[in-house]
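# Coordinates in review
Letter by letter, the chains look like this.
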Amino acid sequence: MKKYIDFQTFHFHWADYLVFAAMIFLSTGTGLFFAFYKKEKAIELGQQDIDSGEKRRKNDFDTSNMNEYLLGSRKLKIFPVSMSLVGSYVSGVTILGTVSEIYYFGTQYWMIVISIVFMAIAVSKIYLPVFSVLRVNSSYEYLEMRFSPAIRSLASIMFVMDEMFFLPIILYVPSIAFNQVTGINVHVISTVICIICVIYTILGGIKAVVHTDAWQILVMFVSVMVVVTIGCFKAGSIGDVFQTASEGGRLIFADVNPSMYQRQTLWGVLIGGFFYWTSFNAVNQTMVQRYMSLPSLRKAQWSIFIFTIGIIAFISVCCFAGLLVYEFYTKCDPMSAGLITHDDQLLPVFVMQTVGHYYGVPGLFIAGVFGAALSSLSVVLNSTALVMLEDIVKGSLRLKLTERSSTLLVKGCILILGVIAVALVFVLEQLSGILSVATSVTAIAAGTTCGLFTLGMLVPWSNNTGALVGALAGACISGWISFGSQIAFANGYVTPHKLEISVEDCPGNVTMPDNVYIDESDVFPLHRLSFHWINPIGVFTTVLVGTIVSFMSGPTVIKKLDAELISPVLHRYLPKECFPPSGITNEMTRENTATHLLNDGRGKAGSETGESSDNSGKY
């Protein structure tokens, strides 16, 4: 009991505030550095290239200034981009949400690392080569090339709405962690985070985002590793941690229950995890923008490889941290004892009770959580601003802007999105279980858009009508499931079936909470589904409906398609008319890209037909 009593004595020391302040200073300083010194140097070099007569390549921005601000002139390095990709996904949601998921539901979620490996293969071989050869600024440009401007507009609007919903989640998680160790109001904290992030994102552009992400990810990983290492030392050994988890029923790796209603099963994690991670990493603009900031397809594929290793390592550490937390609280659940008010405060309270007396360590941990939030937030702000400029203002509204107007629009969007994020934190306060909420909300747009890109790249006969109807069907059913599930949960019709906990060693008079689960048989079946299944249902619905409607409305004449719009995994099955004459197309491709796309030798065969690729996407 003694180890639980002194919790109230552990709060931030001045050394913790100093460590935390240093992280904030470095974040802002990096933005200022890339806003002024590096930016001026890059623009000067870019102007020299233009003056020397270098022809601007296909789909670059109209000015070197915007090209530098949003894509880093496509000259960024592999490692910082890879770390930025990790930062895109690893936010406070991952750190705190994963720990609480393992603590309450066991280790079945850990099997997500297998899904991530298959995701990396799919992204690098199916989707990325198409974006690379087309040199898109925004991933949604592809949808206009393949289908129509209406499809591009639909997907880009869904992306903007999705990111607006996700922004407050990114803000809220580190805010509750900081609140736990300082007592400062959540809304004050979230406002400060947002202001800092908006400042360096506006000033520095994509280079500030990428390079700040790189060291923020380092701080985040180091902070979690320090906490885990000290936690293992206090627990006795790694074996003791797993032994306690086994006795408490937390070691679950092969739950093959076929029920789609159970929160975590092997099938749900593997199948749902693969579709969710592929949807996010294959076509989401926050990821594609970083791929396109690299100079070649090969380097982009290497960035995915490094990203995969990094993300698997980090998720594994977070899952083990969940077991550490369970080992520490195996006899006293902190929620039942009143030590915390939200599931996602488990790790912060564990940090304060185990390493709180090591001055500076709690500050390092919270700095890591904040670094994760800042990296994800800056990426979303920058990418969403690009989509607003390229896909909505220029693509949908067909407006031609000057360089000054484009700059004002992008920076204005970043500022407005920051204000919206802070306001929506008030709504998010009413929700619980951050990992499932985040997955459910993002699954709506992610599943539908991934379905659209999959339909375009892997179903050659799909047409504009099929894509439109398929997208609407996918969005409707995934939205119906997602929001219906959240409403059912909020009203108490559906409750998560948590594993057993104990309060026998809790200080004071703490009683065991009643784990009486209501009968859910009367709830609509789709609203009882595990959050893992929302995304694959959205993807499958979009592709299936889109394919059927395309056949019914008159499929695309495949011979008139441009092979560059179809994934290279299908090139060997395409007719030779799809391949443009050799010697004409390589000017617009990246270094070595043509080798990947035309490796079956059909470029030469296509030249004999005299067919042009101007009819791409038409039928």
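Cut-offs used in this document
- Residues numbered from 1 in each chain as written.
- Predicted model: local features only at pLDDT ≥ 70, side-chain atom pairs only at ≥ 80, totals over all residues.
- Heavy atoms only, no water.
- Buried < 20%, exposed > 50% of the residue type's maximum accessible area, 1.4 Å probe, protein only.
- Helix = DSSP H or I, 4+ residues; strand = E, 2+ residues; numbered from the N terminus.
- Contact = heavy atoms within 4.5 Å.
- Disulfide = S-S within 2.5 Å.
- Core = buried A, V, L, I, M, F, W, Y, C linked by side-chain atoms within 4.5 Å.

To continue, consider helix H12 (residues 285-292). Most of H12 is tucked away, with eight of its eight residues classed as buried. Buried within H12 we find Gln-285, Thr-286, Met-287, Val-288, Gln-289, Arg-290, Tyr-291 and Met-292.

This paragraph deals with the environment of Cys-450. For Cys-450, the location among the structural elements is in helix H17 (residues 434-458). Cys-450 gets classed as buried once you look at its relative accessible area, which sits at 2%. Spatially, the C-alpha atom of Cys-450 lies 6.3 Å from that of Val-539, the residues being 89 residues apart in sequence. Dropping the residues within four chain positions of it, Cys-450 is found in contact with Tyr-127, Ser-279, Val-283 and Val-539.

The next point concerns the state of the cysteines. Per the stated rule, a full pass over the model turns up one disulfide. Disulfide pairing is shown between Cys-332 and Cys-506; the S-S distance is 2.0 Å. Measuring the twist about the S-S bond at about 115°, one finds the Cys-332-Cys-506 disulfide to be right-handed. Separated by 174 residues along the polypeptide, Cys-332 in the loop between helix H13 (297-328) and helix H14 (346-355) and Cys-506 in the loop between helix H18 (464-490) and helix H19 (534-553) bring together distant segments of the chain. Of the residues examined, Cys-506 reaches a relative accessible area of 4% and is grouped as buried. We note that Cys-197 lacks a disulfide partner, and the nearest cysteine sulfur, in Cys-194, lies 6.9 Å from it. Judged by relative accessible area, Cys-197 falls into the buried class, the value being 0%.

Here the focus is the environment of Ala-446. Looking at the element boundaries, Ala-446 is found in helix H17. What makes Ala-446 buried here is its relative accessible area of 8%. Residues Ala-446 and Ile-534, spaced 88 residues apart in sequence, show a C-alpha to C-alpha distance of 10.0 Å. Contact partners of Ala-446, with chain neighbours within four places excluded, come to Ser-279 and Asn-535.

On to the nonpolar core, then. One finds Ile-95, Phe-131, Trp-277 and Tyr-291 to be the most contacted residues of the largest nonpolar core, which totals 154 residues. Ranked by the residues each element gives to this core, the list is headed by helix H9 (residues 186-235), at 21 residues. Beyond its immediate stretch of four places on either side in the chain, Phe-131 contacts Val-136, Ser-139, Tyr-142, Ala-282, Val-283, Val-288, Met-292, Phe-453 and Met-457. Core analysis: the next-biggest nonpolar cluster, separate from the first, contains seven residues, Leu-561, Ala-563, Leu-570 and Leu-574 among them.

Despite not being glycine, Arg-135 has its phi angle at roughly 50°, a positive value. Topologically, Arg-135 is positioned in the loop between helix H6 (112-134) and helix H7 (141-146). With a phi angle near 55°, Arg-398 is a residue other than glycine that sits in the positive phi range. For Arg-398, a relative accessible area of 46% gives the class partly exposed.

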